[in-house]
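Secondary and tertiary structure notes
Next come the chains, spelled out residue by residue.
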Amino acid sequence: MAVLRLRSIIKLRDPNPYILVTPAQSKTLKPGWRKPLPVLVRINDKPAVPWRINMMPVGNGSFYLYLHGDVRRASGTKVGDRVRVEVGFDARYRNGPQHPVPSWFKAALRKNSQAAKNWDALIPSRKKEILRYFARLKSLEARERNLERALYVLSGRKGRFMARAWNRGA
């Protein structure tokens, strides 16, 4: 795996600290890549095991490497600091749901074939969004209420779920 090593100044874009990775630099990681780029990152040799971060495309071949608070705290850096950056393509990255499908949702999908068919047809990012939402539900009442709404729209009926209008299961 190619590792890009560079020195840069942490800048601020809207409230987000970032490092700009130029088109020439990004080509060393993954030539021709135009979407969010999964990378392993170390700042000033921290941490021992690199962070997994997605660099975000600018549109001209450059990428923003956003540095969240945990990254900056662990590396002892702040906006305006000149830092040593190590970036490598994360070949082990796999997109898709990060939260497991809850057993109560699986059971409900088994009982509703149309909802199951529409669930399977959803794009990975929408599934991920729904599973993240389900994982944060605190009460049994909230779970039941949201399960009912999810099954309603996944069954192909028009409705709203997760602040989104649904029609025909999508």
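Described in the following lines is the structure provided in the data block. Note that the structure is a prediction, hence the values are computed from the model and not measured.

**With respect to the packing of aromatic side chains**
- Taken as a whole and judged by the stated rule, the model has eleven aromatic pairs.
- Among the aromatic residues, ring-to-ring pairing joins Trp104, Phe105, Trp119, Tyr133, Phe134, Phe161 and Trp166 into one connected group.
- Across the ring face of Phe89, the terminal group of Lys30 is positioned such that the distance to the ring centre comes to 4.6 Å.

**Notes on the pairing of strand E7 (residues 82-89)**
- The buried fraction of E7 is high, at six of eight residues.
- The pairing of strand E1 (residues 3-9) with E7 spans seven bridges and is classified as antiparallel. Bridge assignment links Ile9 to a residue of E7, and that residue is Arg82.
- Two elements, strand E4 (residues 37-43) and E7, share five bridges in a ladder whose sense is antiparallel. Paired with Ile43 across the strands is Val85, a residue of E7.

**Quick look at the sheet that holds strand E6 (residues 63-66)**
- Spatially, E1-E7-E4-E5-E6-E3-E2 is the arrangement adopted by the seven strands of the open sheet, whose pairing is antiparallel. Among the strands making up the open sheet, the edge pair consists of E1 and strand E2 (11-13). Here the average twist between neighbouring strands, direction ignored, is 45°.

Each value, and the rule that gives it
- Residues numbered from 1 in each chain as written.
- Predicted model: local features only at pLDDT ≥ 70, side-chain atom pairs only at ≥ 80, totals over all residues.
- Heavy atoms only, no water.
- Phe/Tyr/Trp six-rings, centres within 6.5 Å; stacked < 30°, edge-to-face > 60°.
- Lys NZ or Arg CZ within 6 Å of the ring centre and 35° of its normal.
- Buried < 20%, exposed > 50% of the residue type's maximum accessible area, 1.4 Å probe, protein only.
- Helix = DSSP H or I, 4+ residues; strand = E, 2+ residues; numbered from the N terminus.
- Pairing = 2+ DSSP bridges.
- Axes fitted to C-alpha atoms, helices over the stretch in contact; angles between N-to-C directions.

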